[in-house]
Amino acid sequence: MTEKIALVTGAGSGVGRAAAVALMRAGWTVALVGRRADALEAAAMEGEAGRSMVLPADVSQPAAVDAAFAAVEQAHGRLDLLFNNAGMGTPAVPIDELSVEQWMAVVGVNLTGSFLCARSAFALMRRQAPGGGRIINNGSISAYAPRPGSVAYTSTKHAITGLTKSLSLDGRPFNIACSQIDIGNAATEMTERMAAGVPQANGSMMVEPRMDVRHVADMVVHMAGLPLDANVQFVTVMATRMPFIGRG
């Protein structure tokens, strides 16, 4: 095979956009999935011509996920990589100030969406010929250490680690590898507030360093390019001086 097919969720902005563009430039054909068609089209234009397909979809909706993966299978017949990246958070508030609707929205995208996409990818990778593929989940440093007032985001990101481990185990008989990339303070729209100062575990406010999101994209490309008999199981890519080691 010469054509390598990837699907990236949350591909319209931030880490997903950077990873999708980097994969295209590395020779992958990428299906870009996200809620906003205009943002996906703009991301596709940054990559190599003819190496993308734009699939607007809400990953929290099973029918939308099924339709996106069916479109990839119809167009290319296979899938070699899923970057399970789509995610969202909430304002930093104590748990009793977080509405049930906010909780359900975060769980729907971060956890249920990751499950739905992994489920569809696994099924396609299992039945295609030759079989196998790779799933990379976007975990986050919050999969290990929470920020104040982040119960929904932190809970889902801890759950992603369980999803990664289960997929890694269940994928063995089918040559399906699963990895997790945990990202700390990549410079995207989501982390712009870091430049103004964010709450710390000791009650203070602190401006936090950020890093270029391209470093994350480069790591995704590296992980994706490994043969299926090798795997980066867990990797953390972070701004060197951000508060994580020793946080709190």
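How each quantity is defined
- Residues numbered from 1 in each chain as written.
- Predicted model: local features only at pLDDT ≥ 70, side-chain atom pairs only at ≥ 80, totals over all residues.
- Heavy atoms only, no water.
- Helix = DSSP H or I, 4+ residues; strand = E, 2+ residues; numbered from the N terminus.
- Buried < 20%, exposed > 50% of the residue type's maximum accessible area, 1.4 Å probe, protein only.
- Pairing = 2+ DSSP bridges.
- Axes fitted to C-alpha atoms, helices over the stretch in contact; angles between N-to-C directions.
- Polar contact = N/O pair within 3.5 Å; in protein donor to acceptor, adjacent residues only side chain to side chain.
- Contact = heavy atoms within 4.5 Å.
- Right-handed = clockwise from strand over helix to strand, strands pointing away.
- 1 Å grid on protein atoms, 1.4 Å probe; cavity = no way out; pocket = protein on both sides within 12 Å on 5 of 7 lines; lining within 4 Å.
- Points joined across faces, edges and corners; volume = space filled by probe spheres on them.
- Nonpolar A, V, L, I, M, F, W, Y, C, P; charged D, E, K, R; others polar.
- Expected span 1.5 Å × (residues − 1).
- Arc of directions from axis to C-beta.

## As for unusual backbone geometry
Negative phi characterises most residues that are not glycine, and trans characterises most peptide bonds.
Here is step 1: In this structure, Pro 130 follows Ala 129 across a cis peptide bond, with omega equal to -5°.
Here is step 2: Examined against the element boundaries, Pro 130 turns out to sit in the loop between α4 (100-127) and β5 (133-138).
Here is step 3: A positive phi angle, near 60°, is found at Asn 175, a position not held by glycine.
Here is step 4: Topologically, Asn 175 is positioned in the loop between α5 (151-170) and β6 (176-184).
Here is step 5: Phi is positive for Asn 185, close to 60°, though the residue is something other than glycine.
Here is step 6: Relative to the assigned elements, Asn 185 resides in the loop between β6 and β7 (198-199).
Here is step 7: Given the relative accessible area of 5%, Asn 185 is considered buried.

## Section: the sheet that holds strand β4 (residues 81-84)
Here is step 1: Read across the open sheet, the seven strands follow the order β3-β2-β1-β4-β5-β6-β9; overall the sheet is parallel. Edge positions in the sheet fall to β3 (52-56) and β9 (234-238), since each has one partner strand and no second. Across the sheet, the mean angle separating the axes of adjacent strands is 20° when strand polarity is ignored.
Here is step 2: Bridge analysis of β6 against β9 gives five bridges, and the strand direction is parallel. Paired with Asp 182 across the two strands is Thr 236, which belongs to β9.

## Describing the side chain of Ser 179
Here is step 1: Relative to the assigned elements, Ser 179 resides in strand β6.
Here is step 2: Looking at Ser 179, the relative accessible area reads 0%, which means it is buried.
Here is step 3: Among the polar contacts made by the side chain of Ser 179, one reaches the side chain of Asn 231 at a distance of 2.5 Å.
Here is step 4: Among the polar contacts made by the side chain of Ser 179, one reaches the main-chain carbonyl oxygen of Val 232 at a distance of 3.0 Å.
Here is step 5: Setting aside residues up to four positions removed in sequence, Ser 179 forms contacts with Arg 134, Ile 135, Ile 136, Asn 137, Thr 164, Met 223, Asn 231, Val 232 and Gln 233.

## So, the pairing of strand β1 (residues 4-9)
In regular strands, side chains alternate between the two faces of the sheet.
Here is step 1: For β1, the buried fraction is high: five of the six residues fall into the buried class.
Here is step 2: As paired elements, β1 and strand β2 (residues 28-34) share six bridges and run parallel to each other. Within β2, the position partnered with Thr 9 by the bridge is Val 33.
Here is step 3: In this region the chain leaves β1, passes through helix α1 (residues 14-25) and returns to the parallel neighbour β2; the handedness of that crossover is right-handed.
Here is step 4: Strand direction decides the pairing type here: β1 and β4, joined by three bridges, are parallel. In the strand pairing of β4, Val 8 is matched with Phe 83.

## Quick notes on empty space enclosed by the protein
Here is step 1: Counting across every chain of the model gives one cavity of 30 Å³ or more.
Here is step 2: Taken as a whole, the largest cavity holds about 40 Å³ of empty space.
Here is step 3: Sorting the residues of the lining of the largest cavity by element identifies β1 and α3 (62-76) as the ones contributing at least two each.
Here is step 4: In terms of residue count, the dominant contributor to the lining of the largest cavity is α3 (three residues).
Here is step 5: Of the residues belonging to the lining of the largest cavity, the class tally is eight nonpolar, one polar and no charged.

## Some details on α3
Here is step 1: When the terminal C-alpha atoms of α3 are compared, their 21 Å separation across 15 residues agrees well with the 21 Å that a helix rising 1.5 Å per residue should span.
Here is step 2: Three or more residues of α3 are buried, namely Val 65, Ala 68, Phe 69 and Val 72. Down the axis of α3, the smallest arc covering the buried residues is 90°, so these residues share one side. Seen from the buried face of α3, the exposed residues on the opposite side, beyond 90 degrees, are Ala 63 and Gln 74.
Here is step 3: Each element contacted by the buried residues of α3 is listed here: β1, β2, β3, β4 and α4.
Here is step 4: Looking at the residues trailing α3, positive phi occurs at Gly 77, about 80°.

So far we have only geometry, and geometry alone does not tell us how the molecule works.
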